[in-house]
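Reading the structure
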There are 2 protein chains.
Amino acid sequence: MSGIQSCELCATAGGDVLYSDQELRVVLVADALHPGFCRVIWNQHVAEMSDLSEAQRARLLARVWQVEQVLRQHWQADKINLASLGNMTPHLHWHVIPRFRGDPHFPQPVWGTQQREPDQAVAARQAALPALRAALQAALSTATTKE
Amino acid sequence: MSGIQSCELCATAGGDVLYSDQELRVVLVADALHPGFCRVIWNQHVAEMSDLSEAQRARLLARVWQVEQVLRQHWQADKINLASLGNMTPHLHWHVIPRFRGDPHFPQPVWGTQQREPDQAVAARQAALPALRAALQAALSTATTKE
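Not measured: the values here are computed from a predicted model. (Residues numbered from 1 in each chain as written. Chains lettered and ligands numbered in written order. Predicted model: local features only at pLDDT ≥ 70, side-chain atom pairs only at ≥ 80, totals over all residues. Heavy atoms only, no water.)

1. Looking at the overall build of chain A
Using the following cut-off: By definition, any uninterrupted DSSP run of H or I lasting at least four residues is a helix, any uninterrupted run of E lasting at least two residues is a strand, and each is numbered from the N terminus. Note on method: radius of gyration uses C-alpha positions; expected globular size equals 2.2 Å times residues raised to 0.38. Burial classes follow relative accessibility: with a 1.4 Å probe on protein chains only, a residue under 20% of its type's maximum area counts as buried, one over 50% as exposed, and anything between as partly exposed. Note on contacts: a residue pair is in contact if any heavy atoms of the two residues lie within 4.5 Å. In these tables, accessible area is a Shrake-Rupley quantity obtained with a 1.4 Å probe, and a residue counts as shielded only by the protein chains included in the view. Asp and Glu are treated as the negative residues and Lys and Arg as the positive ones, with His and the ends of the chain left uncounted. For this purpose, a charge sits on NZ of Lys, CZ of Arg, CG of Asp or CD of Glu.
Secondary structure summary: chain A contains four helices and five strands in total. For chain A, the succession of helices and strands along the chain, N to C, is α-β-β-β-α-β-β-α-α. For chain A, the C-alpha radius of gyration of 15 Å lies close to 15 Å, the compact-globule estimate for 147 residues. Viewed in the frame of its principal axes, chain A has a C-alpha envelope of about 40 × 30 × 25 Å. The buried share among the 147 residues of chain A stands at 52%. Long-range contacts, defined here as pairs at least 24 residues apart, represent 53% of the contacts in chain A between residues at least 6 apart. Looking at chain A as shown, the accessible area adds up to about 6,300 Å², and 50% of this sits on carbon and sulfur atoms. Distance from the positive charge centre (13 side chains) to the negative charge centre (14 side chains) of chain A: 4 Å.

So this is what it looks like as C-alpha cells:
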C-alpha cells in the first residue's frame, strides 16, 4: 500500500481481500452484526466519485454491482444498502451491505440506532460466510464489461 | 405518479423537483439540518441498482454525478455523501448530501447520532438555497453523455 500515511485505507487493505487489481480492491469486512458487509475500495487516495474519470467510475461501480448481485442471489438479501460516505476516511470506498428484515439495525441504516440484538439468523449468516466468500471470489474473477 | 400506492416515492414527487424525464427525477429535500440534500429518484418502482440495465444505471448515476459536481463547485462541500438504502422505502433513490465539517452530524452519517445543533453556517446555507437550486437546475438541463 502506498499513499497518505495517516489514511487507514492507504495504510491497510481494509478487510479480507476478495479481489484486487491495479485500480481497486474488494474486501469482506469482519462485522459481527452484519456478516457479508463488503467494501469496494479505490486504491488511489481520492475523495470523491467526481475525482475519477467516467471510465474509472464505471469500472469501480461494475465491481459494486457484482458484489450486489452475489449478495442478492446467494443470500436473498431483503435489501442492498450502498453508500460512499468517507467523512472520517476521505479515501473513495463503497459500502455494499446485505440487509435483512430483523437484522440488528433494520430498517435503520447500519449507522443508525441499533434496533435489536443479533439473533440466530445473524449467527447462521456468520457460519455461511465461507461459502459466500467463495461465491464472491468466483463472481469477481469474471471480467466486467467495461474492461 | 403511478405505481405502488403505499410507496411514498410512487405517490409523491419526494421533494422540490429540479429535473425530471421519463425515467427519473432529481429533487431538493427540505432538510433543516442539511440544506442542499438532494435525491435522484428512479421513476419506476424497482428496489435495486441490479434491477436496472447497465444503460439505465449509467443514466441514473450520470445525474448523481451532476448533482455532486454542483455541490462541490458551488458550495465547496467538504465531503459528498452518496447512498442508496431504501430499507423503509424500497423504491430506488440516491441520497446526494453535501457535508461540512461542523455540520450537525459531521463526521457521522446523517443517519447517525447528531453531534451538535445547527450553527450560523447552516443558516447561511439555508439562505443560499435559491442560488444553489438555480445552479442545480442549470447543470441538470445539460444532457448527460449517456443520452
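2. Some details on the nonpolar core
Quick note on the threshold: Take the buried residues of types Ala, Val, Leu, Ile, Met, Phe, Trp, Tyr and Cys, join any two whose side-chain atoms come within 4.5 Å, and each joined set is a nonpolar core.
Formed by 62 residues in total, the largest nonpolar core has its most connected members in Trp94 of chain A together with Trp94 of chain B. Contacts of Trp94 of chain B, omitting those with residues within four sequence positions, involve Leu82 and Trp94 of chain A together with Cys38, Arg39, Val40, Met49, Leu60, Leu61, Val64, Leu82, Ala83 and Ser84 of chain B. Core analysis: the second largest hydrophobic core is formed by 24 residues, Ala83, Leu85 and Ile97 of chain A together with Val29 of chain B among them.

3. Observations concerning unusual backbone geometry
All names here are of chain A. Here the amide bond leading from Phe106 into Pro107 is cis, since omega sits at 0°, within 30 degrees of zero. Looking at the secondary structure, you find Pro107 in the loop between strand E5 (93-99) and helix H3 (120-127). We note that Gln76 has phi near 45°; this positive angle belongs to a residue other than glycine. Gln76 sits in the exposed class, given a relative accessible area of 53%.

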